[in-house]
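# Descriptive structure summary
Each chain is listed here by its residues.
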2 protein chains.
Amino acid sequence: MPKANAFYAQSGGVTAVINATACGVLETARRHKDVIGKVYAGRNGILGALNEELIDTSKESAKAVAALRQTPSGAFGSCRYKLKSLEENEREYHRLLDVFKAHNIRYFFYNGGGDSQDTANKVSQLGASLGYELTCIGVPKTVDNDLPFTDCCPGFGSVAKYVAVSTREAALDVASMCETSTKIFVLEVMGRHAGWIAAAGALAQREAGDAPHIILLPEVPFKKTQFLARVKKTVQEKGYCVIVASEGAQYKDGTFLADAGSTDAFGHKQLGGVAPVLAEMIKAKHGYKYHWAVADYLQRAARHIASATDVEQAYALGRAAVELAVAGRNAVMPTIVRTSDAPYRWKIGEAKLSRVANVERKMPKTFISSDGFGITAAARRYLQPLIKGEDYPTYKDGLPQYVTLKNQLVAKKLPEKW
Amino acid sequence: MPKANAFYAQSGGVTAVINATACGVLETARRHKDVIGKVYAGRNGILGALNEELIDTSKESAKAVAALRQTPSGAFGSCRYKLKSLEENEREYHRLLDVFKAHNIRYFFYNGGGDSQDTANKVSQLGASLGYELTCIGVPKTVDNDLPFTDCCPGFGSVAKYVAVSTREAALDVASMCETSTKIFVLEVMGRHAGWIAAAGALAQREAGDAPHIILLPEVPFKKTQFLARVKKTVQEKGYCVIVASEGAQYKDGTFLADAGSTDAFGHKQLGGVAPVLAEMIKAKHGYKYHWAVADYLQRAARHIASATDVEQAYALGRAAVELAVAGRNAVMPTIVRTSDAPYRWKIGEAKLSRVANVERKMPKTFISSDGFGITAAARRYLQPLIKGEDYPTYKDGLPQYVTLKNQLVAKKLPEKW
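### Let's talk about the overall build of chain A
Along its length, chain A carries 14 helices and 13 strands. Taken over C-alpha atoms, the radius of gyration comes to 23 Å for chain A, in line with the 22 Å a tight globule of 418 residues would show. Taken along its principal axes, the extent of the C-alpha atoms in chain A is 75 × 45 × 40 Å. Contacts in chain A between residues at least 24 apart in sequence constitute 76% of all its contacts with a sequence separation of at least 6.

Okay, structure coming up:
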């Protein structure tokens, strides 16, 4: 009987380091050739399994696989596709197992956020109930940092570093210009439901009173009057005001600021996110000249300024996923366990998929300053180590050398229609 | 008689490397103590001279001055303040000379764009006509890259690198997501009048057909139908489409796209720049899911990803400015002279301020591809060397260590009122 193969898929929004996890999975699997045959990667994530579009990663050179560590985004393609519950769509789960069977896949590594961990768990259960031996390991990934049981999520540390560095740099710019020109700078960052990313902006501060002067988190209901008063006070004291706003900043009733201005009284759609809304709000009240930036994909793709800690953890979790599988563990997710804040120390732990699935971790209240516009010392202690260290990609002619894989598909064995 | 002092001022929009020029000026002046006494820096640029707010740079340690080389934005403050013509406001020019006389300032280094070169020139003329011996040297700076006689302008290479790197990274992100989610990504960059910065996005391409697929330059009148057709074709062929748009992208009649949507039929102001306008335009026609980013200050402050070539040239121009002054030259600006494309070689030249003043250099037509959506091989040959090399700042705890100067003011000698 040929050796069992593995299936690896990337899921959901990609990050600066999800390929570092892929690198960890592939390199470790190659070191366990006695147990694991080929590693197939799903073309565009789990869709690759459903469509039987399996990328044969054995065709990639060791050098190409190693280069994944420094390449952002999903090298095999990702997808936003959530499998429904077993009850609602058993057919999809059966198809998945049919494809696995056809290619002798006995290991399933699913690299994603909460939904993906849930899917991996369900596939594991179904395999067991049907008597198909299958090892399912979830591998955490999300810039949102909202998975439970792990101290942090790969991808987050690098976004946090990007936001902290960019905020520090832009703040110097505004400080230079404020005497005669721009007095307000608003940076909009990701985080629809949790403020982890916006909170990381605070790391730009060297001491109390430094920029960013205001951080807007989804966890804290937006109060316009208080906000505008704080802006004015800051400009009066410092000459300028830097604001980091989460895209999920919202009013008490749950309305997003970004949506608040999206249709006017005549039903005309207005463009733009939370940054321009805030900038105009300030201008209307105080008349200050403003600039705003929306980082969007730049922040989560910014491998050029990735956190070395994040890259290392992303790789380590990929490696641990394979090692757990080889050791016979099933339906688990390797995690980051923090053992010390300063000096920062961490190790790999594990959590049961059944417990991880669909649990969202918000910022604890103890991380938010009493005025709601900043973070506490506890938050700083938590966040600071995650952005530590630089891990620069190699450059050629002034540009980072990101690898493009061959991504050769395996011949299909099943009918196209299912 | 005490040695003559110097005055240095930063002007207009700051850059990632204007402080590297300041570093070149200060370090070189310190090596010429036999000729130049103290270097005073204007607090908030030329306003510092008008208000007699002179920063005594001799109070800064050699280490702090050296750290300017790796610190973005204007360490002494800048301003948007254009002196009027001599005829319109002779009073200001006289005040400038009064302050210079009071502090025995005989060297004036003005670090800025076209307007600043013009001012430096006028001050030089007035000094001569009044018999006050004053050496005026312009030092080029502008991310817009629009000064004549110099091959490029310090600040531009680093923005170009930021845009090229960010475009390459974000393009990988969209490529990963496009199967089930985002198909369009629009990055808005600076350049109100010239497309140099947007053009640099093309450096992200490794081969023809790579992202960015469309570049929108202010030099090319925007044609909606052609644009939307190209977007559709690109998505059909590649699965996604990446667009780099200059903030100055405009219709044939000169209307900026960013303003086009700024008021609706009812006079309601709409928010946002060119990126959201384009994204919505595409969505309305083709229904593609989009993401957009506006880099704004992040791009010109991004010292963390500065071009080593740019940093070196910025420093060299600061050094050359002082050396020209010491050599007895007057009313000139040091320039970058390119002597070879590949291998890239350059040297310092000089241009007369009277010829530089108020001349704007646009992208030549030979740099724009025939379809208007990209750049030519000639443009690539010009741009490529400018982003070459990395010059990372030092980091501590995951963040770049940018210096904050003491900025001690010299005691005033003149009445506050003038």
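So much for the structure itself; the text now carries on.
### Brief notes about the pattern of salt bridges
For the structure on display, the rule yields 28 salt bridges over all chains. As a salt-bridge pair, Arg300 of chain A and Asp173 of chain B come within 2.7 Å of each other at their nearest N and O atoms. Residue Arg300 of chain A is located in helix H11 (residues 297–301), and its partner Asp173 of chain B is located in helix H6 (residues 156–177); the two belong to separate chains. Here Arg300 of chain A matches Asp173 of chain B in class, with each residue buried.

### With respect to the interface of chain A and chain B
Each partner contributes to the interface: chain A provides 74 residues, whereas chain B provides 74 residues. Connecting chain A to chain B are two salt bridges. At the junction of chain A and chain B, the tally comes to 33 residue pairs in polar contact (both at pLDDT 80 or more). Listing elements by their share of the side of chain A that touches chain B, those giving two or more residues are helix H6 (156–177), strand S6 (184–189), helix H10 (274–286), strand S9 (290–294), H11 and strand S13 (399–400) of chain A. Looking at which element gives the most residues to the side of chain A that touches chain B, the answer is H6 of chain A, with 13 residues.

### Looking at the relation of the copies chain A and chain B
The two copies are related by a screw operation: chain A maps onto chain B through 180 degrees of rotation and 0.0 Å of translation along the axis, at an RMSD of 0.0 Å. Read as a symmetry element, the transformation amounts to a two-fold axis.

### Comments concerning unusual backbone geometry
Residues and elements named next belong to chain A. Note that the residue after Ala342, namely Pro343, is joined by a cis bond; omega there is 0 degrees. Along the polypeptide, Pro343 turns up in the loop between strand S10 (332–340) and strand S11 (345–352). Look at Asp296: it is not a glycine, yet its phi comes out positive at around 45 degrees. Along the chain, Asp296 falls in the loop between S9 and H11. In this structure Asp296 comes out as buried when scored by relative accessible area, which is 11%.

### Remarks on the packing of helix H8 (residues 224–238) of chain A against H10 of chain A
Residue and element names in this part refer to chain A. Taken N-terminus to C-terminus, the directions of H8 and H10 make an angle of 70 degrees; their axes are 11 Å apart at the nearest point. Classified by the angle their axes make, H8 and H10 are roughly perpendicular. Of the residues in H10, those touching H8 at Lys224, Phe227, Leu228, Val231 and Lys232 are Leu278, Met281, Ile282, Lys285 and His286. Looking at the contact of H8 with H10 residue by residue, the classes come out as six nonpolar, one polar and three charged.

### Digging into helix H12 (residues 308–326) of chain B
Residue and element names in this part refer to chain B. When the terminal C-alpha atoms of H12 are compared, their 27 Å separation across 19 residues agrees well with the 27 Å that a helix rising 1.5 Å per residue should span. Among the 19 residues of H12, 15 are classified as buried, and the element is accordingly described as predominantly covered. Structurally, the start of H12 carries an N-cap: the backbone nitrogen of Thr309 is 3.2 Å from a side-chain oxygen of Ser307. A positive backbone phi angle near 90 degrees is found at Gly328, which sits one or two residues after H12.

### Considerations on the state of the cysteines
What the rule picks out here adds up to zero disulfides over all chains. Cysteine Cys79 of chain A is unpaired, with the sulfur of Cys178 of chain B as its nearest cysteine sulfur at 11 Å. Look at Cys79 of chain A and you get buried, because its relative accessible area is 1%. Free cysteine: Cys152 of chain B, not disulfide-bonded; nearest cysteine sulfur from Cys153 of chain B at 6.8 Å.

### A word on empty space enclosed by the protein
Residues and elements named next belong to chain B. One pass over the full model with this rule turns up one cavity of 30 Å³ or more. When its volume is computed, the largest cavity comes out at roughly 30 Å³. What lines the largest cavity is simply Cys152, Cys153, Phe156, Gly157, Thr309, Asp310, Gln313 and Leu386. The set of elements that each furnish at least two residues to the lining of the largest cavity consists of H6 and H12. Ranked by residue count, the leading element in the lining of the largest cavity is H12, at three residues. Taken together, the residues of the lining of the largest cavity break down into four nonpolar, three polar and one charged.

### Section: the pairing of strand S5 (residues 135–140) of chain B
Note on strand geometry: in a regular strand, side chains alternate between the two faces of the sheet. Residue and element names in this part refer to chain B. For S5, the tally of buried residues reaches six of six residues, placing the bulk of the element in the interior. Alternating positions in S5 separate into two faces, Thr135, Ile137 and Val139 on one and Cys136, Gly138 and Pro140 on the other, with burial throughout. In terms of strand pairing, strand S4 (residues 105–112) meets S5 through six bridges, oriented parallel. Within the sheet, the bridge partner assigned to Gly112 lies in S5 and is Pro140.

### Notes on the packing of aromatic side chains
Here the structure, examined in full by the defined rule, presents 26 aromatic pairs over all chains. Ring geometry for Phe222 of chain A versus Tyr251 of chain A: centroids 5.5 Å apart, planes at 80 degrees, classification edge-to-face. You can see Phe222 of chain A sitting in the loop between strand S7 (214–216) and H8 and its partner Tyr251 of chain A sitting in the loop between strand S8 (241–246) and helix H9 (257–260), a full 29 residues away along the chain. In this structure Phe222 of chain A comes out as buried when scored by relative accessible area, which is 7%. Of the residues examined, Tyr251 of chain A reaches a relative accessible area of 25% and is grouped as partly exposed. Taken together, the ring pairs connect Phe7, Phe100, Phe108 and Tyr110 of chain A into an aromatic cluster. Of note, Arg69 of chain B hangs over the ring of Tyr315 of chain B, and the distance from its end group to the ring centre comes to 4.9 Å. In this structure, Arg192 of chain B packs its charged tip against the face of Phe256 of chain B, placed 4.0 Å from the ring centre.

### Some thoughts on the environment of Gln226 of chain B
Summarising the element assignment, Gln226 of chain B is placed in helix H8 (residues 224–238). For the pair Gln226 of chain B and Phe373 of chain B, spaced 147 residues apart in sequence, the C-alpha to C-alpha distance is 10.0 Å.

### With respect to the pairing of strand S10 (residues 332–340) of chain B
Residues and elements named next belong to chain B. Across the nine residues of S10, seven count as buried, placing the element largely inside the fold. As judged from the eight bridges shared by S10 and strand S11 (residues 345–352), these two strands associate in the antiparallel manner. Bridge pairing in S11 links Ser340 to Arg345. In this structure, the hairpin formed by S10 and S11 is closed by a connection of four residues.

### With respect to the nonpolar core
By size, the foremost hydrophobic cluster in this structure holds 167 residues, and its most contacted members are Phe109 of chain A together with Phe109 of chain B. Setting aside anything within four residues of it in sequence, one finds Phe109 of chain A in contact with Ala6, Phe7, Tyr8, Ala9, Val25, Ile137, Val139, Ala321, Val322 and Ala325 of chain A. Counting residues in hydrophobic clusters, the runner-up holds 52 residues, among them Ile214, Val277 and Trp292 of chain A together with Leu228 of chain B.

### Describing the confidence of the model for chain A
Taken residue by residue, chain A gives an average pLDDT of 94. The fraction at 70 or more is 97%. Two summary scores accompany this predicted model of the complex, namely pTM at 0.97 and ipTM at 0.97.

### Quick word on the side chain of Ser307 of chain B
Residue and element names in this part refer to chain B. Positionally, Ser307 belongs in the loop between helix H11 (297–301) and H12. Residue Ser307 is classed as buried on the basis of its relative accessible area, which comes to 0%. Within the structure, Ser307 has its side chain in polar contact with the backbone nitrogen of Thr309 (distance 3.2 Å). A polar side-chain atom of Ser307 sits 3.0 Å from the main-chain amide nitrogen of Asp310. Setting aside its immediate chain neighbours within four residues, Ser307 contacts Gly157, Ser158, Lys161, Leu386, Ile387, Lys388 and Gly389.

Rules behind the numbers
- Residues numbered from 1 in each chain as written.
- Chains lettered and ligands numbered in written order.
- Predicted model: local features only at pLDDT ≥ 70, side-chain atom pairs only at ≥ 80, totals over all residues.
- Heavy atoms only, no water.
- Helix = DSSP H or I, 4+ residues; strand = E, 2+ residues; numbered from the N terminus.
- Rg over C-alpha atoms; globule rule 2.2 N^0.38 Å.
- Contact = heavy atoms within 4.5 Å.
- Salt bridge = Lys/Arg side-chain N within 4 Å of Asp/Glu carboxyl O.
- Buried < 20%, exposed > 50% of the residue type's maximum accessible area, 1.4 Å probe, protein only.
- Polar contact = N/O pair within 3.5 Å; in protein donor to acceptor, adjacent residues only side chain to side chain.
- Least-squares fit on C-alpha atoms with pLDDT ≥ 70 in both.
- Axes fitted to C-alpha atoms, helices over the stretch in contact; angles between N-to-C directions.
- Parallel < 35°, antiparallel > 145°, perpendicular 65-115°, else oblique.
- Nonpolar A, V, L, I, M, F, W, Y, C, P; charged D, E, K, R; others polar.
- Expected span 1.5 Å × (residues − 1).
- Disulfide = S-S within 2.5 Å.
- 1 Å grid on protein atoms, 1.4 Å probe; cavity = no way out; pocket = protein on both sides within 12 Å on 5 of 7 lines; lining within 4 Å.
- Points joined across faces, edges and corners; volume = space filled by probe spheres on them.
- Pairing = 2+ DSSP bridges.
- Phe/Tyr/Trp six-rings, centres within 6.5 Å; stacked < 30°, edge-to-face > 60°.
- Lys NZ or Arg CZ within 6 Å of the ring centre and 35° of its normal.
- Core = buried A, V, L, I, M, F, W, Y, C linked by side-chain atoms within 4.5 Å.
- pLDDT = per-residue confidence, 0-100.

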